[in-house]
Every structure is written in C-alpha cells, then in structure tokens.
Amino acid sequence: MKKKFSILILIVLFIACNANVANLRPHGSQTDTPELTRNNYLMGFLNEYRSSYDVTYYDINIDFNIEEKSIDGFVTIKAMALNDIDTLQVDLVKNLNIKKIIYKDSPIEYSREEDAIMVVFNQTIDKDTLFDFTVHYNGIPQSADNPPWAGGFTWSKDKNDRDWVAVSCEGEGARIWWPNKDHISEEPDSVRMAFTVPSGLMSVANGQLRSVVEKDDNKTTYEWFVSNPINNYNISVQIGNYVAVQDTFIKENKTHYMNHYVLDYNKEIAQNYFPQSKEVIRFYEKYFGDYQWWDDGYKLIEAPYLGMEHQSAVTYGNGFSIYNGVRSDSWAMYGVIDPLIIHESGHEWFGNSVTAIDPTHIWIHEGLQVYSEALYFEDKFNSYAVSVDYLKSIKSRIQNKISIVGPEDENYWALNGDTYMKGAWVMHTLRSAINDDPIWFAILKEFMVENAKSHVSTEDFFDKVKEKTGTDYSYFSEQYFYTPNQPELEYYQTDSSFYYKWNNVNANFIMPMGLLVNGAEKRVLPDQEFQSFEIRQHSKIEVMDWKFYIKKNKTR
Ligand SMILES: [Zn+2]
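So, here is what we can say about the structure in this document. (Residues numbered from 1 in each chain as written. Predicted model: local features only at pLDDT ≥ 70, side-chain atom pairs only at ≥ 80, totals over all residues. Heavy atoms only, no water.)

**Considerations on the overall build of the protein chain**
Moving on, step 1. If you tally the helices and strands in the protein chain, you get 12 helices and 29 strands.
Moving on, step 2. Taking 556 residues into account, the globule formula puts the C-alpha radius of gyration at 24 Å, and the protein chain, at 25 Å, falls close to it.
Moving on, step 3. Counting only C-alpha atoms, the protein chain reaches 90 × 55 × 45 Å along its principal axes.
Moving on, step 4. Relative to its full complement of 556 residues, the protein chain shows a buried share of 63%.
Moving on, step 5. Looking at the protein chain as shown, the accessible area adds up to about 21,100 Å², and 45% of this sits on carbon and sulfur atoms.
Moving on, step 6. Counting 53 positive and 78 negative side-chain charges, the protein chain places the centres of these two groups 5 Å from one another. (Helix = DSSP H or I, 4+ residues; strand = E, 2+ residues; numbered from the N terminus. Rg over C-alpha atoms; globule rule 2.2 N^0.38 Å. Buried < 20%, exposed > 50% of the residue type's maximum accessible area, 1.4 Å probe, protein only. Areas by Shrake-Rupley, 256 points an atom, 1.4 Å probe, with all protein chains shown as cover. Lys, Arg positive; Asp, Glu negative; His and termini not counted. Charge placed at Lys NZ, Arg CZ, Asp CG, Glu CD.)

Next up, the structure:
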C-alpha cells in the first residue's frame, strides 16, 4: 500500500552515515521496525504546537568544559508564527537541564515531557509575526557509542594526547546538544554559532568563520555563520588543534574558496590528499546540478570518527588513504577515490540540499547516494560494467527483512542496510525497467535541481518518473519501497519454449524483465501466470539479474 501523507505535513510545508549495516540505529534496525514510544511520537509528529511556527534562525551559544565533558549555553530561536500562539513545543533531551526560558526579557513558564518542552508564553503571539525566545541550559550531553551510527559527543585525544572533540547526531537529533524544533522538515534560513573553547584549541563548525574573540578566562569564542537552510543534525562542532588547508574550485571563470581543517600534524598530507574532493564535486554537478553552498564554502574537517555529511563542513576520518584507510581498506572503490570523501560529499546533494520530508523516506539520502557512487565509476571508467560490478560488490548486504520505507510521523529514521544497498539496487533496476538512459539521467538531474534546498518524499520521486516517462511506476515503488519482498522470476525451458512468471510480488506488479536469448537481449512482461515464447532447441537463455534486483528460480 502506498502511504498517504498527513495533511499536517502538507500544511507545514532530509541526513554518516555510512553503510555499516551491522550497526543498530537508535530508531530501528535492519530487521525490525521501531516501537512507537511516547518520545518517538512527540518527536516524529508535527502536532499543533510544532506546526504553528516556522523557524527562521538559530543563534547557538555554547561554552565547552572538556574536562567535565559538559556544556553550558543558550540558544535563541527566531520563528514566524503560522497561527496565533500561546504555547509551542521545542525539543531538548531530557537529560540536559533548562536554566530558564526568556521571552521579551522575562522568564516564561514551561513544562517538559520526554524530549519535548512545552513553552507557555505570557501573551499571545499573533499569526504572521516574527518572534524569538531564548533557552538557557546546561548539562552533560550523551557520548557517542559508535559514531556516526550511534551518535553523540566523541571526547578523544589526538596522537599527541591533546583534546579532540566532535559531535554527530543523525537519528538521535540535534536536541541531544542544543534546543531546536527537531523535525527533519524544519530547517532555519540561517544559523549563527558561537562556540567557546579553551584557548589553544580551535572550534570548527559549518559555514564561514566570522570572528575569533579571546576571553578573560583563558577561553576563546569562535563565531561561525551558515547563510543557508540546514538540517539540524548537520550542525556540528569540532574542537582540536586545527589548521586550515586552503584550496580553490574554479568553475566558469569563477573562483570558489575551499577551506579544509585538519590537525596541525596532518597539514601536508591533507594538502596533497583533499584535492580529490574537487573531482567529486565536478561529478555531482555534472549529474545532479550545482553545489548549493558556495556562500558557506566547502570544507573537509578531520574528525575522530569515520565521517559525516555535515553541510559545508564534511567530517573526515578515513586516514588520508585511498587504499589503507579505515574504510577504504574494506571498500576499495577501484583505488580511484576515497570512499568517505565521495560518500559524505555526495550528501551535499542527497540529504543536505534535497532532504526527506520525513525520516522514513531517507533512502533519498542513502540509496541515491550509494547509487550515485556506481554512476561515478560508470562515468570515471566510461563503463557500465564497472557500475554493475560495484553494485554486485554491495549486493550481499541486502536483507529484505523490512521495507525500505516504513511508518511516517513516528521519528522513524530508516537508516538500515536496505536503505543504502537495496536503495541503490532499486534505482539501478528502475533504470533497467525504464530502459532509456537519456530519460533516466534527466529524471535524476531534474529531481535534484528542481528540489534543491527543499524536502521530498518517495512519492515525489515517482511523480518525476511518471512525468518524464509517461508511465505510472507506482507498482514498482509499492513493491520495492513499501514491501521487503524481492521479486522472484520462476522459469524453465523445454526443447521448444521458455516459460516464466513472477512470484513474491504485489498483484499489480508488472515490471518488464530482460533476458539474453542466445546472446540477444529480449524484454518480456511477466505476470503471475506462466507465459512462454518459442525457442530453438538447446537455446541458451540468461536472466539478466545484473540489471534487475530479482531472484532467479529455475524450476526445471
Ligand atoms: Zn550516507
């Protein structure tokens, strides 16, 4: 069944992430859908206390006590009232302490339930007015068990035993370290961040560095500014002995500045290694449209974990090696590109620019991302066969236990293995079903360009497919995204005929299938009853399961 989208979401009108499928995410695993807890209800559903306002700006101020692993800060939330507001919901994990909430210079009332804060204003805020309020808070934020898959703060030391701190929170939500309207559909128009750290350490965040202010207490405040919409979980901070590594990206006589940050002892190696990110950007621009964040720059930031797609501040922890990095050792990528750089940078398109409207549709970030890596190799080697080889190398990770898209409005972050690898295979299969490459590549590019800096659903993708092909592929979407079932082609041949049918499919499943008959491609339209065509005796018939994600079942 296709999911219907709630009216509420339509009125109000996103995410690492790497494919280590063995790691459980906080809101579900590969093999089960999550329990709808009270907190997931409060975080997942856009109730009237959340849909009544649209955040325009966050001003985040945090002082870090690295020794105690604690934070102390305040966040001003500026928003437009979409209705008259007396009470609204803002989100902060329950283990962090609220000191006070200020509206128009006065403390106001609030109550807390799970991670939700109900803020009660002392006067009605009129519809269509801009307003702001400030949450002062402190506490010890959660540490990351297995960043970035199980996120939080990573309090670590560099190899010279100096402090090195970073945060990752996709899935857990930015509310684990600062108060915000923590729903993937909500992005502010801009964000200011002022991170105060012990002098001697630098804090690096998203966007552009605006100022560095030395304070009296042997601390320094680094002020960063993001001038674009950004997902809450993409807002990040890294603290360490960083130095800048500068580079430029030149396109159509325009020079864009890239400003990477790495630990001081890795400056030289990064200078020689990070330029590959430019080839990555050129590839994504060719197939998926312009990089959207030059105002905020593009940078890689060395991090004490594998990596994450933080917008305009992609974190990198793969050891500066295409061959022997943390991840490239197991994910060799033909020795031509760092898997972290291509994967996390690609998310500047899939996830950061084009964002899922609900985290259940997050294959739009991860499935399209992994699929785009196959296209990178196809482009790089000018070889469809290499893209197929890449997809084959990841195929065994597919589980087919739960559907790629799950429940909406339940804070369900569908970051499981099938979202990545099956998502990529489903895109590859759709290309084969459409069987018209110019149309296929136009679908991908138009979908990304037309939806840049906005939110989309699975249905939106298939609307674009229908627009470009003139064919309704909802049967395809319903099978591959809303059931876990892998279509099976049952077949056999006799001296004179080849027989074939679909099993394990929805009643409406009508996907064409490719066969090689004595080396010549033949397309058939199987259904759930046997059909056949005549063949010569001893014909060699191959089912093209390298182009379609199907299971072969030869019965005789
Ligand atoms: Zn990812």
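**Here we look at the packing of helix α10 (residues 437–450) against helix α11 (residues 458–469)**
Moving on, step 1. Interaxial distance between α10 and α11 falls to 10 Å at its minimum, and their mutual angle equals 135°. With respect to each other, α10 and α11 are oriented oblique. The way α10 lies across α11 gives a crossing that is right-handed. Taken together, the residues of α11 that come into contact with α10 (itself represented by I439, W440, A442, I443, L444, E446, F447 and E450) are D460, F461, K464, V465, E467, K468 and T469.
Moving on, step 2. Partitioned by chemical class, the residues of the contact of α10 with α11 number eight nonpolar, one polar and six charged. (Axes fitted to C-alpha atoms, helices over the stretch in contact; angles between N-to-C directions. Parallel < 35°, antiparallel > 145°, perpendicular 65-115°, else oblique. Left-handed = near helix turned anticlockwise from the far one by under 90°. Contact = heavy atoms within 4.5 Å. Nonpolar A, V, L, I, M, F, W, Y, C, P; charged D, E, K, R; others polar.)

**Quick look at the packing of aromatic side chains**
Moving on, step 1. One pass over the full model with this rule turns up 59 aromatic pairs.
Moving on, step 2. With 4.9 Å between their ring centres and 75° between their planes, F288 and F350 make a pair best called edge-to-face. Residue F288 is found in helix α5 (residues 276–288), and its partner F350 is found in the loop between α6 (339–346) and β21 (354–356); the two are separated by 62 residues along the sequence.
Moving on, step 3. Positioned over the ring face of F533 is K522, at 4.6 Å from the centre of the ring. (Phe/Tyr/Trp six-rings, centres within 6.5 Å; stacked < 30°, edge-to-face > 60°. Lys NZ or Arg CZ within 6 Å of the ring centre and 35° of its normal.)

**Some remarks on the pairing of strand β7 (residues 116–125)**
Moving on, step 1. The pairing of strand β3 (residues 85–91) with β7 spans six bridges and is classified as antiparallel. Looking at the pairing, V90 lines up with I117 of β7.
Moving on, step 2. In terms of strand pairing, strand β6 (residues 109–113) meets β7 through five bridges, oriented antiparallel. The residue bridging Y110 from the neighbouring strand is V119, located in β7.
Moving on, step 3. Taking the residues between adjacent antiparallel strands as the criterion, β6 and β7 are bridged by two residues, where E114 takes a positive phi near 50°. (Pairing = 2+ DSSP bridges.)

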